[in-house]
Amino acid sequence: MSFQMNPYPEWSWSLSRDQMFHACKRQYFYHYYASHGGWLLTAAPEAQIAYRLKKLTNLYLVLGEAVHTAAQKLIDLRERSQAYPTQDQIVTYIRNTLNAAFQESKQRERWWGYPKQYTMLHEMYYEGELPRDRVDAVGSRISVCAEHLLASDSWQEIRDSGDITVLEVEKLKDFIVNDEKIYVKLDVLYRRGDGTYVITDWKTGKVSEKNEEQLWLYALYIHEYYGVPIEQIEIRTEYLLDGICVRSTPDEDNIMMIQHKIKASLQSMKSYLDDTYYNRPLPVERFAGAGDPSVCRFCNFRQICPEKQ
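Residues numbered from 1 in each chain as written. Predicted model: local features only at pLDDT ≥ 70, side-chain atom pairs only at ≥ 80, totals over all residues. Heavy atoms only, no water.

A. Quick look at the environment of L189. Among the secondary structure elements, L189 is positioned in strand β2 (residues 180–191). Expressed as a C-alpha distance, the spacing of L189 and E123, which sit 66 residues apart in the sequence, is 34 Å. Setting aside residues no more than four positions away along its own chain, L189 makes contact with T165, V166, L167, E168, Y197, V198, I199, I222 and Y226. (Helix = DSSP H or I, 4+ residues; strand = E, 2+ residues; numbered from the N terminus. Contact = heavy atoms within 4.5 Å.)

See the structure below:
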């Protein structure tokens, strides 16, 4: 029997999907629908282009991913009782990751043929070079983030406490809310000896209150998936750029707020579907562009969007 792919992607919800939906409906359409199946050689040219543009990244994202990987490796070494890297070694790893992304981005044809295997920076694809101010800004964050990662409350507790059980590290998981599949990916989840479940989110950007919703969603996941009482969950954001750990304990109001957000978001997204069973979207013309130059400038789909500003 020959392989047959569904003409439309599987329906699901995530906070990042909600954020893109509200930022720009046209970007949302390209990312989740127009790119579907674009990895196949038999796909229409439009789908192939959208899929490759979806794979674009940028310097700030590469930095964030490198720091997250460094944190993941630290925890893995802890689980295997092996020696930890120094700050200089972590800095070298992050710099090498950024340099590799830059070098790969110069091989445009190779990336176009294998977009999952190679990296293409948004800056290189659209501007042909790396803006000096952005290089300097990202470069200045490397050693600071490495230092604060090693000094962070969460890492020191994981490293030094003998009663810590690590449960999840960078695992894409799903759970069901109101019969809908919800995706989450926690940076770190561990349980202390006193029964407290600690969710840690590493951030390489500036302090923002917008991260609260993400952590409430994670708390809802822990409550539903592991059956943990809300009062036994602690949520943390480790702002590695500033060396600040923001801690809180979610309450029932927080959980109700995120449940309401999910419900309202699902209703809004589904209003852009022609068929909810197959997840078939309305025509692309119904997905209006943001019309905001600050959004369009950094959008991956500038090449194909007629509404770019």
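B. Fine view of the pattern of salt bridges. Inspection of the entire model under this criterion finds 21 salt bridges. Linking D76 and R80 is a salt bridge whose minimum nitrogen-to-oxygen distance equals 2.6 Å. Accessibility expressed as a relative area gives 35% for D76, which makes it partly exposed. Accessibility expressed as a relative area gives 46% for R80, which makes it partly exposed. The shortest N-O distance in the salt bridge between E213 and K261 comes to 3.5 Å. (Salt bridge = Lys/Arg side-chain N within 4 Å of Asp/Glu carboxyl O. Buried < 20%, exposed > 50% of the residue type's maximum accessible area, 1.4 Å probe, protein only.)

C. Inspection of the sheet that holds strand β5 (residues 244–248) at higher detail. Taken in spatial order, the 5 strands of this open sheet run β1-β2-β3-β4-β5, and their pairing is mixed. The sheet terminates laterally at β1 (165–177) and β5, the two strands that pair on one side only. The sheet shows a mean angle of 35° between the axes of neighbouring strands, direction not considered. Bridging between strand β4 (residues 233–239) and β5 involves 5 bridges; their strand directions are antiparallel. Paired with R236 across the bridge in β5 is R247. (Pairing = 2+ DSSP bridges. Axes fitted to C-alpha atoms, helices over the stretch in contact; angles between N-to-C directions.)

D. The arrangement of helix α8 (residues 132–151) in detail. End to end, α8 covers 30 Å across 20 residues, agreeing with the expected 28 Å (1.5 Å per residue, within 8%). I142 marks where α8 bends most, by close to 25°. Listed in full, the buried residues belonging to α8 are R134, V138, R141, I142, C145, A146, H148, L149 and L150. Each element contacted by the buried residues of α8 is listed here: α4 (59–79), α5 (87–105), α7 (122–127), α9 (153–160) and β3 (197–203). (Expected span 1.5 Å × (residues − 1). Bend = angle between axes of the 7 residues up to and from the residue.)

E. Spatial organisation of the nonpolar core. Core analysis: the largest hydrophobic core is formed by 78 residues, its most contacted members being Y28, I199, L217 and I222. In this structure, I222 is in contact with L186, L189, Y197, I199, G227, V228 and I233, ignoring residues within four places of it in sequence. (Core = buried A, V, L, I, M, F, W, Y, C linked by side-chain atoms within 4.5 Å.)

F. Geometry of the side chain of R78. Inspection of the secondary structure puts R78 in helix α4. At 3.0 Å, the side chain of R78 forms a polar contact with the backbone oxygen of I158. Apart from residues lying up to four places away in sequence, R78 is in contact with Y84, W155, I158, S161, I164 and V166. (Polar contact = N/O pair within 3.5 Å; in protein donor to acceptor, adjacent residues only side chain to side chain.)

G. Seen up close, the packing of α8 against α9. Between α8 and α9, the least distance of the axes is 5 Å, while the angle of their chain directions is 45°. What the angle tells us is that α8 and α9 run oblique. Side by side, α8 and α9 meet where L149, L150 and A151 of the first sit next to D153, W155, Q156 and R159 of the second. Looking at side-chain class alone, the contact of α8 with α9 contains 4 nonpolar, 1 polar and 2 charged residues. (Parallel < 35°, antiparallel > 145°, perpendicular 65-115°, else oblique. Nonpolar A, V, L, I, M, F, W, Y, C, P; charged D, E, K, R; others polar.)

H. How the structure looks around the packing of helix α1 (residues 15–23) against helix α2 (residues 25–34). The N-to-C vectors of α1 and α2 enclose an angle of 135°; their axes lie 6 Å apart at closest approach. Taken together, α1 and α2 sit at an angle that is classed as oblique. Every residue of α2 that contacts α1 at S16, R17, M20, F21 and H22 is listed here: K25, Q27, Y28, H31, Y32 and Y33. Residue classes in the contact of α1 with α2 are distributed as 5 nonpolar, 4 polar and 2 charged.

I. Spatial organisation of the packing of aromatic side chains. Taken as a whole, this structure holds 21 aromatic pairs when the rule is applied. For the pair F21 and Y272, a centre-to-centre distance of 5.5 Å together with 85° between the ring planes defines the contact as edge-to-face. Of this pair, F21 sits in helix α1 while Y272 sits in the loop between α11 (252–270) and β6 (273–275), and the two are 251 residues apart along the sequence. Judged by its relative accessible area of 2%, F21 is buried. Look at Y28 and F287: their rings are 6.4 Å apart centre to centre, the planes differ by 25°, and that puts the pair in the stacked class. Of this pair, Y28 sits in helix α2 while F287 sits in the loop between β7 (280–281) and α12 (293–296), placing them 259 residues apart in sequence. Exposure class is identical for Y28 and F287. Each is buried. Taken together, the aromatic side chains of F21, Y28, F29, Y30, Y32, Y33, Y272, F287 and F301 make up a single cluster linked through ring pairs. (Phe/Tyr/Trp six-rings, centres within 6.5 Å; stacked < 30°, edge-to-face > 60°.)

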